[in-house]
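Each chain is listed here by its residues.
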Amino acid sequence: QVQLVESGGGLVQPGGSLRLSCVASGSIGSIGWMGWYRQAPGKQRELVAITTSDGTPTYADSVKGRFTISRDSAKKTVALQMGSLKPEDTAVYYCNARLRVKGSGQFNDYWGQGTQVTVSS
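An account of the accompanying structure is given in this report. (Residues numbered from 1 in each chain as written. Predicted model: local features only at pLDDT ≥ 70, side-chain atom pairs only at ≥ 80, totals over all residues. Heavy atoms only, no water.)

## Some points on unusual backbone geometry
Item 1. Of note, the phi angle at Lys76 is positive, near 60 degrees, even though the residue is not glycine.
Item 2. As for its placement among the helices and strands, Lys76 is situated in the loop between β7 (67–72) and β8 (77–82).
Item 3. Take Lys76: its relative accessible area is 27%, and that puts it in the partly exposed class.
Item 4. Phi at Ser84 is positive, roughly 50 degrees, even though this residue is not glycine. (Helix = DSSP H or I, 4+ residues; strand = E, 2+ residues; numbered from the N terminus. Buried < 20%, exposed > 50% of the residue type's maximum accessible area, 1.4 Å probe, protein only.)

This is the structure we're talking about:
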């Protein structure tokens, strides 16, 4: 069984910073990309940032220059450092990983349970 567990959400004032972390555990053979999505009320889930297995990042235009994604492949963790936060960043943030379970030749998407980020004064 594979699990992705997020931590680090909360309430922060506009202009503030917050760091999200995610750790993957279980019978994992290998991990392709890892990253973060978010879903605001009434909106579709959207990509925030993602990193390939070699650490190459991709960011949504809305967060470029404000958010930084980092990954520790050995520890199976991915983090999202968020800065200059805006009210429109308010959402549930989900960790995502495309990974292969041990003994399987197929990569599938896995999701964390989500962590709430609220940006408000």
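From this point, things continue past the structure.
## Side note on the packing of aromatic side chains
Item 1. Using the criterion set out here, one finds 1 aromatic pair in the structure.
Item 2. Relative to Trp111, the ring of Tyr37 has its centre 5.1 Å away and its plane inclined at 70 degrees; by these criteria the two rings are edge-to-face. Residue Tyr37 is located in strand β4 (residues 28–39), and its partner Trp111 is located in strand β10 (residues 107–111); the two are separated by 74 residues in the primary sequence.
Item 3. Over the ring of Trp111 we find Arg45; its NZ or CZ atom is 4.7 Å from the centre of that ring. (Phe/Tyr/Trp six-rings, centres within 6.5 Å; stacked < 30°, edge-to-face > 60°. Lys NZ or Arg CZ within 6 Å of the ring centre and 35° of its normal.)

## Quick word on the sheet that holds β7
Item 1. Pairing in this open sheet of 4 strands is antiparallel, and the strands run β1-β3-β8-β7 from one edge to the other. Looking at strand neighbours, the two that pair on one side only are β1 (2–7) and β7, the edges of this open sheet. Across the sheet, the mean angle separating the axes of adjacent strands is 15 degrees when strand polarity is ignored.
Item 2. Two elements, β1 and strand β3 (residues 18–26), share 6 bridges in a ladder whose sense is antiparallel. Paired with Val2 across the strands is Gly26, a residue of β3. (Pairing = 2+ DSSP bridges. Axes fitted to C-alpha atoms, helices over the stretch in contact; angles between N-to-C directions.)

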